[in-house]
Amino acid sequence: MRRPLRPAAVLVTLSLVLAACQGSASESPGGSGVPQPSSSATGGSVRIGYGGSPDSLNPGLALLSEAYQMFELVYDTPIEVLPDGSYAPELATSWEVSDDALTYTLHLVDNAVFHDGTPMTSEDVKFSLELYRDNVEFPYMSSYSDVFPTIEAPDPTTVVMTSETPIGNFEYRMIFMYVLPKHIWENEDPLEFPNEEMIGTGPFMMAEYAQNEFVRLAANKDHWDIPPIVDELIWQTIENGDARVAAITNGEIDMITEFPTTAMPTLEGAENVQVVTSDSIASALTDIFFNVIDPDECPADGVCSGHPALRDLAVRQALASATNKQELLDVATFGLGTLGVSLVPPGQVDFFVGADAGQPFDVDAANQQLDDAGYEDSDGDGIRECLPDQDCDTLTFRLNFPDDSDAGPREAEILQAQWGEVGVALEIQTLDADTLTAVCCPAFDFDVIMWGWGPDPDPQFLLGVALCANIENGFNETGYCNEDYEALYEEQAVEPDHDTRVGIIKEMQEILLEDVPYIIPYYYGSTQAYRTDTFTGWNTDPVGFGLDDISSLAFIRPVE
């Protein structure tokens with residue numbers, strides 16, 4: 001699953017990949033245009049098969065999870081999040097908060113070096129935080145450091161940030177602040193810079209990239225903290241899920257980050273292949289979202305072609321009641337996930353609104369609601385007609401989903417059947433991730449999209465997709481706007497008391513459940529596969545990130 005899919009989800013994959021780097025390489029699968037590992041690579045090459053490709057190498061502009069996987073490997077951040085949800089130092093050796101919770105100080109390592117040999121200092125951290133903060137056109141990154149109007153670097157290893165109000169989630173705001181080299185970025189337009197060389201301080205360096213084909217990352221053997229043992233990683237795009245399964249069972253690649261659930265028996269029965277399923281503090285979620293933007297509020301570059309009936313709350317509520325989440329869950333995950341509720345997953349325990357929240361599955365209630373709202377099927381063709389004041393004929397909606405979704409086709413057919421029971425028709429069309437992003441946000445050239453998110457460890461980020469202010473930049477993918485929700489979002493962002501903030505965030509979820517810009521069918525954890533004849537010592541504990549736990553770095557070793 002991917003799409004504007006957030007970095008927290010890629011921490012899962014990153015940890016597994018870093019652990020994989022402790023082993024040796026398998027034979028390469030070859031293929032037109034795909035680079036072959038160098039025969040002189042003493043540390044070996046690790047091949048990872050995945051279904052997509054980065055949409056941008058610029059951390060400010062990227063939307064897809066594949067891009068963030070590369071950022072996590074190539075860049076370092078001040079603070080990192082651990083599998084149990086706690087925070088730990090990365091580029092920052094420590095940090096402190098003033099008594100009034102208005103001043104935040106980072107103390108940095110003094111030995112981090114960019115890939116081009118330039119030492120990293122507090123000026124680079126300051127520059128990066130300000131770059132993300134000041135470019136509100138960035139769809140994601142500006143929301144992390146925007147609470148710090150003043151950022152100072154009094155000496156090479158100290159950064160001081162000042163906020164106008166207390167902050168209850170400072171550490172969280174630092175975990176995706178990829179530190180960029182000031183000496184390179186200060187001479188570029190951040191909204192146009194392709195960043196093809198990706199100079200960072202991380203354990204891997206960009207070596208070669210061909211979009212939709214492969215990414216080759218070379219090991220940074222001089223990394224200040226975790227010098228990889230292998231010589232390179234090769235992320236190979238294998239769009240077809242069955243082909244990924246075949247590649248790992250044949251020994252052509254070392255691990256795969258995702259696969260169709262229907263392939264589970266094949267992988268579990270394959271020689272030298274191990275499947276590990278685990279959950280995390282921020283389980284990924286599948287969502288169904290509606291285009292509800294008022295055409296009069298269409299962004300300057302938008303199309304805003306959404307079906308008029310979807311702007312009727314009664315229609316969205318009826319569709320929520322008509323959606324059998326359990327059926328979608330069973331088909332998509334073989335029961336490995338949990339029923340969805342809101343944008344906040346149950347792994348974020350305190351903030352989760354509760355399994356019983358939202359509208360229950362009830363086809364009769366959904367039909368009655370559409371009847372009461374005046375949507376009739378006067379010609380008996382099984383599809384309800386629009387209301388007289390709506391510029392449409394029938395409740396026939398376009399349904400799009402990404403073509404790299406292994407479960408997408410089956411889910412779409414199930415949803416088509418479910419909504420057909422209440423007189424709603426779906427015209428199904430798959431699109432590649434880049435095209436789907438283009439028609440989505442902020443073009444709003446769609447009716448219904450089925451995609452997914454990988455939430456952050458803190459609920460603030462993903463709840464931002466429903467902000468009025470994010471319609472223009474495309475982060476708000478539905479066009480939904482509620483002033484009460486907006487006010488609560490601003491309130492929770494500066495609430496230092498945990499329990500009070502929990503109450504605010506639950507109230508926000510209740511608003512979204514009532515207004516239904518989203519339907520969340522299910523949550524699911526990480527299911528991946530690796531070859532046991534290449535590496536040993538994996539952490540397969542299902543708690544936390546399980547196989548993907550970064551602590552595996554201390555245990556992974558080549559198979560003798």
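Before reading further, recall that the structure is shown in the block above.
We now turn to the structure provided with this report. (Residues numbered from 1 in each chain as written. Predicted model: local features only at pLDDT ≥ 70, side-chain atom pairs only at ≥ 80, totals over all residues. Heavy atoms only, no water.)

Quick word on the sheet that holds strand S6 (residues 150–155)
- Sheet architecture is open: four strands sit in the order S4-S5-S7-S6, paired in antiparallel fashion. Looking at strand neighbours, the two that pair on one side only are strand S4 (92–97) and S6, the edges of this open sheet. On average, each strand axis in the sheet is inclined to that of its neighbour by 20 degrees, with strand direction left out of account.
- Bridge analysis of S4 against strand S5 (residues 103–108) gives five bridges, and the strand direction is antiparallel. Within S5, the position partnered with Glu96 by the bridge is Thr105.
- Together, S5, S6 and strand S7 (158–162) form the strand contacts of helix H3 (residues 122–134), whose direction differs from that of S6 by roughly 175 degrees. (Pairing = 2+ DSSP bridges. Helix = DSSP H or I, 4+ residues; strand = E, 2+ residues; numbered from the N terminus. Axes fitted to C-alpha atoms, helices over the stretch in contact; angles between N-to-C directions. Contact = heavy atoms within 4.5 Å.)

So, the packing of helix H15 (residues 483–493) against helix H16 (residues 498–515)
- Across the interface, H15 lies against H16 with an axial gap of 9 Å and an inter-helix angle of 155 degrees. In this view, H15 runs roughly antiparallel relative to H16, as classed from their interaxial angle. In this structure, H15 crosses over H16, and the sense of that crossing is left-handed. In this structure, H15 contributes Tyr485, Leu488, Tyr489, Glu491 and Gln492 to the contact, and H16 contributes Arg501, Ile504, Ile505, Glu507, Met508, Ile511 and Leu512. (Parallel < 35°, antiparallel > 145°, perpendicular 65-115°, else oblique. Left-handed = near helix turned anticlockwise from the far one by under 90°.)

Description of the packing of aromatic side chains
- Here the structure, examined in full by the defined rule, presents 26 aromatic pairs.
- An angle of 80 degrees between the planes, with centres 6.4 Å apart, marks the rings of Tyr480 and Tyr485 as edge-to-face. Each member of the pair, Tyr480 together with Tyr485, is buried.
- Through pairs of rings, three or more aromatic residues link up here, namely Tyr68, Phe71, Tyr75, Tyr140, Tyr144, Tyr172, Phe176, Tyr178, Trp453, Phe461 and Phe475. (Phe/Tyr/Trp six-rings, centres within 6.5 Å; stacked < 30°, edge-to-face > 60°. Buried < 20%, exposed > 50% of the residue type's maximum accessible area, 1.4 Å probe, protein only.)

Description of the pairing of strand S17 (residues 448–453)
- Summarising burial for S17: six of the six residues are buried, a large majority.
- The two faces of S17 match: Val448, Met450 and Gly452 on one face and Ile449, Trp451 and Trp453 on the other face are all buried.
- Taken together, the six bridges between strand S13 (residues 284–290) and S17 define a ladder with antiparallel strand orientation. Across the sheet, residue Phe290 finds its bridge partner in S17, namely Val448.
- The pairing of strand S15 (residues 396–402) with S17 spans two bridges and is classified as parallel. Across the sheet, Asn400 pairs through a bridge with Ile449, a residue of S17.

With respect to the state of the cysteines
- Summed over all chains, the structure comprises four disulfides.
- The residue that forms a disulfide with Cys386 is Cys392, at a sulfur-sulfur distance of 2.1 Å. Around the S-S axis, the bridge from Cys386 to Cys392 shows a dihedral of about -125 degrees and counts as left-handed. The same class applies to Cys386 as to Cys392, namely buried.
- Covalently, Cys468 is tied to Cys481 through a disulfide, its sulfur atoms 2.0 Å apart. Classification of the bridge connecting Cys468 and Cys481 rests on its S-S torsion, roughly 95 degrees, and on that basis the disulfide is right-handed. Remark: Cys481 occurs in the loop between helix H14 (460–463) and H15 and Cys468 occurs in the loop between H14 and H15; sequence separation between them is 13 residues. (Disulfide = S-S within 2.5 Å.)

Comments concerning the packing of helix H9 (residues 313–322) against helix H11 (residues 363–372)
- Relative to each other, H9 and H11 sit at 165 degrees, their axes nearing to 8 Å. Considered as vectors, H9 and H11 are oriented roughly antiparallel to each other. The hand of the H9/H11 crossing is left-handed. The residues of H11 that touch H9, namely those facing Ala314, Val315, Gln317, Ala318, Ser321 and Ala322, are Val363, Ala366, Gln369 and Leu370.
- Here the contact of H9 with H11 is composed, by residue class, of seven nonpolar, three polar and no charged. (Nonpolar A, V, L, I, M, F, W, Y, C, P; charged D, E, K, R; others polar.)

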